[in-house]
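# Breakdown of the fold
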Protein chains: 2
Amino acid sequence: MSDSATPSLHPSVICTVDVVLLTLRDTRLEVLLAQRDRAPFEGAWALPGGFVHPQEDADAAASATRVLREKTGLEAPYLEQLGTYSGLARDPRGWSIAVVYCALVPLEDLEQALHRRSTTRPSVARLHDAANLGRLPFDHDAMVAGAIERVRSKSQYSSLPVHLCGAEFTLPQLQRTYEAVLGEPLNKVSFRRKMEELNVLEPVEGAMQGGAAHRPAQLYRVREAYRQRLSMLERGL
Amino acid sequence: MSDSATPSLHPSVICTVDVVLLTLRDTRLEVLLAQRDRAPFEGAWALPGGFVHPQEDADAAASATRVLREKTGLEAPYLEQLGTYSGLARDPRGWSIAVVYCALVPLEDLEQALHRRSTTRPSVARLHDAANLGRLPFDHDAMVAGAIERVRSKSQYSSLPVHLCGAEFTLPQLQRTYEAVLGEPLNKVSFRRKMEELNVLEPVEGAMQGGAAHRPAQLYRVREAYRQRLSMLERGL
DNA sequence: ATAATAGTGTCTGTGAGACAATATGGA
DNA sequence: TCCATATTGTCTCACAGACACTATTAT
């Protein structure tokens, strides 16, 4: 914070935010990519991002929220800061700083938002299989890898994956979500015991059926006390 | 990354790095603070930090390393990115981004470096008890709290605290380090089992004595394969 | 009734902590 | 020898996963 130059002599740092939005289709993670509408890498699929707007955004998290709203119409997704990528090498325009956020959204919410959006503007954003992204511009490959790694890691001890489910869900649905994120099958009894002790869920009166030919499962939702707080937690453990 | 304005129209973002350097004196964590030599908060004790120098620094981590070298003379401490604080509210000069790094250094290394430094320049940096810092300027309180929380958290499952010990140390010394960081006593047998399975340490031939009237303890050091790698790991688990 | 999945009770092995015995150097 | 701490062996308890049994709905 102490330096021989004033900030106005350092206008050459490019300040941006990028968002790794993850969602789950069946058992696969998908990442939201947007087609770039200007150089560099015009036309390429890349993470949604943009410059910080100091006049408009209270902080970088607000910039990320705004970017996501502009590209998808989503209003209040789960958002968590992943980290910051910086340096001369990552952007051909010059020395830059990119604050990266990870967003988790239920597939239905995202598709609804994108569909509403497509009625007014040409859609610029689309979901891509996280396992087959090809090469992305800038250092977006590393950002995606970091986001997936972070989500996997936190899912081992927290209730993070609930953000990939809708407002109400059954325990078997949630378990399949965990299994998809972690990439391995989980023990049913242990999973239920873990959810029980986390004490984040509460049952909703009225079982779901889905017309399936078997015993219906209890619906759950996130407790009110945790609903907002989950977004605030920075590394629960 | 796509925006209606060019970066040169956004010169108002102040880009800085701040470093939370932690070390251990006996059983207490201490934080390095530097006395600010200019406004805002001139004269106040604050985290060592400074503007990013795009001409000089390859990336923000290099800025942090440079800042630490300038203030302390330390050359290659363990450094890990904590996160980024941003927004209009945190700095009276305007909308700013601070990339925060956490450094872990053995007390002896730091004191040696500071002592060497004090022979050429007036010392501007000093260690302060982490538990009694008082109020720091900017959002440095939150940064310190975040750093301590991160170190505590990672110490539960990794070998992170070895960076607070010197090149060679005994298992009882390392255990006391863990206990100081975690703030709770650890089971001796479990601790040794954990260190064994992490497989990060190797014994050094020749026991330490310290002239104590009891059985000397085996000296250990970090395995060569891990010596550099530890700094690279971003969230081991 | 049967199929299919939800939900629960019980057993067992693994691993962490408690306890304690042994090892070793200095006074 | 005695003291203090290092190091190692063993026991026990808690918990995670395996297994299996019961519950509930649609066909």
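Residues numbered from 1 in each chain as written. Chains lettered and ligands numbered in written order. Predicted model: local features only at pLDDT ≥ 70, side-chain atom pairs only at ≥ 80, totals over all residues. Heavy atoms only, no water.

The name given to chain A in an unreviewed UniProt entry is NUDIX hydrolase, with the source organism recorded as Diaphorobacter ruginosibacter.

### Here's the deal with helix H1 (residues 60-72) of chain A
All names here are of chain A. To keep things clear, this is the line we draw: Numbering goes from the N terminus for both helices and strands, where a helix is a DSSP run of H or I of at least four residues and a strand is a run of E of at least two. Under the convention used throughout, the expected extent of a helix is 1.5 Å for every residue step, that is, one less than its residue count. Type-normalised accessible area, obtained with a 1.4 Å probe on protein chains alone, sets the label of each residue: buried when under 20%, exposed when over 50%, and partly exposed for intermediate values. Polar contact is defined as a pair of N or O atoms within 3.5 Å, subject to the rule that within protein one atom must be able to donate a hydrogen and the other to accept it, and that residues adjacent in sequence are counted only when both atoms are side-chain atoms.
With 13 residues, H1 ought to run about 18 Å at 1.5 Å a step, and its terminal C-alpha atoms sit 18 Å apart, in line with that. Residues of H1 that are buried include every one of Ala60, Ser63, Ala64, Arg66, Val67, Leu68, Lys71 and Thr72, and no others. Near the N-terminus of H1, the side chain that reaches the backbone nitrogen of Ala61, with its oxygen 3.2 Å away, is that of Asp59. At the exit of H1 stands Gly73, carrying a positive phi of roughly 90°.

### A closer look at the environment of Ile97(A)
To be explicit about the condition: It only takes one pair of heavy atoms within 4.5 Å for two residues to be counted as in contact.
Take Ile97(A): it is sitting in strand E6 (residues 96-104). Classification of Ile97(A) by relative accessible area gives buried; the value is 0%. Separated by 53 residues in sequence, Ile97(A) and Arg150(A) have C-alpha atoms that sit 20 Å apart. Ile97(A) has contacts with Val13(A), Ile14(A), Cys15(A), Thr16(A), Thr84(A), Tyr85(A), Ser86(A), Cys15(B), Ile97(B) and Val99(B), leaving out every residue within four places of it along the chain.

### With respect to the protein's contact with DNA strand D
Threshold: To be near a molecule or strand, a residue needs just one of its heavy atoms within 4 Å of it. Note on residue classes: Ala, Val, Leu, Ile, Met, Phe, Trp, Tyr, Cys and Pro are nonpolar, Asp, Glu, Lys and Arg are charged, and everything else, Gly too, is polar.
What surrounds DNA strand D is a group of 21 residues, the closest being Ser190(A), Arg193(A), Lys188(B), Arg192(B) and Gln218(B). Each atom of DNA strand D within 4 Å of the protein was assigned to sugar, phosphate or base; sugar and phosphate come to 60%. Contact distances for DNA strand D include 2.6 Å between a base nitrogen and a side-chain N or O atom of Arg193(A). Taking Lys188(B), its side chain carries an N or O atom lying 2.6 Å from a base oxygen of DNA strand D. Listed by contribution, the elements that provide at least two residues to the surface near DNA strand D are helix H5 (188-198) of chain A together with helix H5 (188-198) of chain B. With four residues, the top contributor of residues to the surface near DNA strand D is H5(A). Taken together, the residues of the surface near DNA strand D break down into nine nonpolar, six polar and six charged.

### Brief notes about the protein's contact with DNA strand C
Among the 20 residues in the neighbourhood of DNA strand C, the closest are listed as Arg192(A), Gln218(A), Ser190(B), Arg193(B) and Ala213(B). Contact distances for DNA strand C include 2.5 Å between a phosphate oxygen and a side-chain N or O atom of Arg192(A). Of all the secondary-structure elements, those providing two or more residues to the surface near DNA strand C are H5 of chain A together with H5 of chain B. The element that contributes the greatest number of residues to the surface near DNA strand C is H5(B), accounting for four residues. A per-class count over the surface near DNA strand C returns nine nonpolar, five polar and six charged.

### Let's talk about the pattern of salt bridges
Defined as follows: We define a salt bridge as a contact between a side-chain nitrogen of Lys or Arg and a carboxyl oxygen of Asp or Glu at a distance within 4 Å.
Under the definition given, this model contains 32 salt bridges over all chains. Ionic pairing is found between Arg93(A) and Asp91(A), a salt bridge with its closest N-O pair at 2.8 Å. Overall, the relative accessible area of 30% leaves Arg93(A) in the partly exposed class. Between Arg90(B) and Asp139(B) there is a salt bridge, with its nearest N and O atoms 2.9 Å apart. Residue Arg90(B) is located in the loop between strand E5 (78-87) and strand E6 (96-104), and its partner Asp139(B) is located in the loop between strand E7 (125-129) and helix H3 (140-155); the two are separated by 49 residues in the primary sequence. Residues Arg90(B) and Asp139(B) agree in their burial class; the two are buried. Residues joined in a network through salt bridges with shared partners are Glu56(A), Asp57(A), Arg66(A) and Glu70(A).

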